[in-house]
2 protein chains.
Amino acid sequence: MLEFGGEALVLTHDMLVEGVHFLPEQDPADVAWKLVATNISDLASKGAEPVGVLLGYMLGYMLGKDDARFLEGLSEALNAYNVPLLGGDTVGGSGPQAMGLTAIGRATHRPVPSRSGAKAGDALWITGKVGAAMVGLEALRSGSGDSSAYRRPQARLSEGIALAPQVTAMMDVSDGLLLDAMRMADASGITFAIDSAAVPIATPEARRAEALRWGDDYELLFTLPYGTAPAVPATLIGQALARQNAPLLLDGKRLEAGDSPGFLHR
Amino acid sequence: MLEFGGEALVLTHDMLVEGVHFLPEQDPADVAWKLVATNISDLASKGAEPVGVLLGYMLGYMLGKDDARFLEGLSEALNAYNVPLLGGDTVGGSGPQAMGLTAIGRATHRPVPSRSGAKAGDALWITGKVGAAMVGLEALRSGSGDSSAYRRPQARLSEGIALAPQVTAMMDVSDGLLLDAMRMADASGITFAIDSAAVPIATPEARRAEALRWGDDYELLFTLPYGTAPAVPATLIGQALARQNAPLLLDGKRLEAGDSPGFLHR
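Just so we're clear, the structure is a prediction, and the values are computed from it rather than from any experiment.

**What about the overall build of chain A?**
Along the backbone of chain A there are seven helices and twelve strands. Here the C-alpha atoms of chain A give a radius of gyration of 19 Å, agreeing with the 18 Å that 2.2 N^0.38 yields for 266 residues. For chain A, the C-alpha atoms occupy an extent of roughly 55 × 50 × 30 Å along the three principal directions. Residues counted as buried form 53% of the 266 residues belonging to chain A. Across chain A, every contact between residues at least 6 apart in sequence was considered, and the portion connecting residues at least 24 apart equals 86%.

Set out below in structure tokens:
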């Protein structure tokens, strides 16, 4: 975040790497969409409206596929969020590929929401459902079912802007609800108590534990003072406590050693 | 360029790719330096002062080498230009590597210099000497001699800011003097007549033709109204003419077919 001429500029930069963040055989248009959505989601979590993006992209990044598909997907995503491509750099390259996007946004509310503002007593909320991208990835791999949640994630841009004046802390959930909630708890110096049954999931009930640990859904996780109702549809899933000896209590218990709260990349 | 909070924000994004923009065996600290210098040079050519950078970087990008060296070089370069690292993204990856940097600058003069403003009658100037990076690369490859011009190029930041109020057009020379002069001529709709003997070179006289076509020197190429002296040391190398049937006349002649004006990458 940068103060600039009396306004707050919010800057994000996210990269996608082949084999890490996307499958080598994926449609380049979907890869482009995801690159835009992940960055716009970062802006959303700060309540910022996008003003433009810069792209760093390797030409010919997938053998036998067309750069034109990447540019089509990029164009679709930029239109969906109404944000212009301001510039960037296109280079030659080969091998496993990486591409990056910088998104520039204008804060719509001061102070700009961060992940460090949650206070003991606050309520913990989340938009939408978790686990949708997990189901979508499985559909993509199996070739049957709806893979759109994985291929074309939606950044919660309008929700982030609507929530910014209300929240005490906010972030987008990219690496799994539990892992990202732990990060917010650590940044805020509190402990979250999460009621796992309260978390809305996009999966069958039997897969609830996985859904809480899977990422790529880009929902907004935020805290509000106790008793405040959110400006957009969301679900109350827990509360912030004075800091305990762990950042997270799930149904009253610490995660056990070996129980991963999420994944850094998949 | 972006209007923001009443100021003109100048944004650049440059990528470096292993094997294209740097040698696989190069010191990662030098790669980091070059990544910063190329972006700061873009700001310099717009007369903008840097306010921050965002980095996109793959961890472990060179087998057997230390990411710490990259971060050392990054820190050295950011200190040299007095610019903070605002954020970015670090990802896992393997294979030939790419990294990108976004630099954000504040325009110090309006209108912001561009490559499209040269007028017939203007004089064409360049800072410094060309061919220094070519000599530096050869020194690096041979293991003897001074390779610093290639490894640690200097962005002409203070010069760009001093020149911004004077110039009719300005750009940095990254891909070779002749090629970049052609680009400025095309963007401005004029033809440049360049006196090759007037161009300051960092090489022996026998290699003048190569020095005019080699890149990576990051000198500033700019036009001034005829009779105006530049605010910083520079050399008058030619003039802008009403558009002819070629963007560039070198010693009165068009480049012959097959005579490349420069290289896009090396």
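**Concerning the sheet that holds strand S11 (residues 248-250) of chain A**
Pairing between the strands of a sheet is mediated by backbone hydrogen bonds and can be parallel or antiparallel. Residue and element names in this part refer to chain A. In space, the seven strands of this open sheet follow the order S7-S9-S6-S10-S8-S11-S12, with mixed pairing throughout. The strands lining the two open edges of the sheet, one partner per strand, are strand S7 (169-173) and strand S12 (253-254). Across two bridges, the pairing between S11 and S12 is antiparallel. Bridge assignment links Leu250 to a residue of S12, and that residue is Lys253.

**Side note on the packing of helix H1 (residues 28-44) of chain B against helix H2 (residues 67-81) of chain B**
Residues and elements named next belong to chain B. Their axes nearest at 6 Å, the elements H1 and H2 cross at an angle of 35°. Relative to H2, the crossing made by H1 is right-handed. Contact residues: H1 offers Pro28, Ala29, Asp30, Val31, Ala32, Trp33, Val36, Ala37 and Ile40, while H2 offers Arg69, Phe70, Glu72, Gly73, Leu74, Glu76, Ala77, Leu78 and Tyr81. Looking at side-chain class alone, the contact of H1 with H2 contains 13 nonpolar, one polar and four charged residues.

**A word on the environment of B:Asp27**
Following the sequence through the fold, B:Asp27 ends up in the loop between strand S2 (7-17) and H1. For the pair formed by B:Asp27 and B:Phe70, sequence separation is 43 residues and the distance between their alpha carbons is 7.9 Å.

**Considerations on H2(B)**
Residues spaced three or four apart along an α-helix face the same direction, because each turn holds 3.6 residues. Under the 1.5 Å per step criterion, the end-to-end length of H2(B) is 21 Å for 15 residues, consistent within 8% with the ideal 21 Å. In this structure, the buried side of H2(B) is in contact with H1 and strand S4 (85-91) of chain B.

**Observations concerning the domain arrangement of chain A**
Residue and element names in this part refer to chain A. Looking at the assigned domains, one finds that chain A contains domain 1 (2-107) and domain 2 (123-254). Every contact between the two is made by 13 residues of domain 1 and, on the other side, 18 residues of domain 2. Residues of the side of domain 1 that touches domain 2, tallied by class, amount to five nonpolar, four polar and four charged.

**As for the nonpolar core**
Within the largest apolar cluster, 166 residues are counted, with the highest numbers of intra-cluster contacts made by A:Val36, A:Ala181, B:Val36 and B:Ala181. If sequence neighbours within four positions are ignored, A:Ala181 has contacts with A:Phe192, A:Ile194, A:Leu221 and A:Leu248.

**Points about the interface of chain B and chain A**
Taken together, the 32 residues of chain B in the interface contact 32 residues of chain A. At the level of elements, strand S1 (2-4), S2, strand S3 (48-58), S4 and strand S5 (98-107) of chain B are the ones that each hand at least two residues to the side of chain B that touches chain A. Residue contributions to the side of chain B that touches chain A peak at seven residues, all from S2(B). Here the side of chain B that touches chain A is built from residues that sort into 15 nonpolar, 14 polar and three charged.

Cut-offs applied
Starting afresh in each chain, residues are numbered from 1 along the sequence in its written order. The order in which chains are written sets their letters, starting at A; the order in which ligands are written sets their numbers, starting at 1. Local features are withheld for residues below a pLDDT of 70 in this predicted model, meaning they are given only at 70 or higher, and side-chain atom pairs are given and counted only at 80 or more; totals for whole chains, interfaces and linings count all residues. Counting from the N terminus, the helices are DSSP H or I runs at least four residues long and the strands are E runs at least two residues long. Two things to know: the radius of gyration comes from C-alpha atoms, and the globule rule equals 2.2 Å times the number of residues to the power 0.38. Counting other C-beta atoms within 10 Å of its own, a residue is labelled buried from 20 upward, exposed at 12 or fewer, and partly exposed in the gap between, with every C-beta atom placed from the backbone. Whether two residues are in contact depends on their C-beta atoms, placed from the backbone: they are in contact if these lie within 7 Å. Only strands joined by at least two bridges in the DSSP assignment are considered to pair. Angles shown run from 0 to 180 degrees and are taken between the N-to-C directions of axes, each axis being a line fitted to C-alpha atoms and, for helices, limited to the stretch in contact. Handedness of each helix crossing follows the sense of rotation of the near helix against the far helix: counterclockwise by less than a right angle gives left-handed, clockwise gives right-handed. Note that Gly is not counted as nonpolar here; it falls among the polar residues with everything else outside the nonpolar set of Ala, Val, Leu, Ile, Met, Phe, Trp, Tyr, Cys and Pro and the charged set of Asp, Glu, Lys and Arg. In a helix, the anticipated span is given by 1.5 Å times the number of residues less one. Delimitation of the domains relies on an automatic or database domain assignment. Think of a nonpolar core as buried Ala, Val, Leu, Ile, Met, Phe, Trp, Tyr and Cys residues chained together by C-beta atoms that fall within 7 Å.

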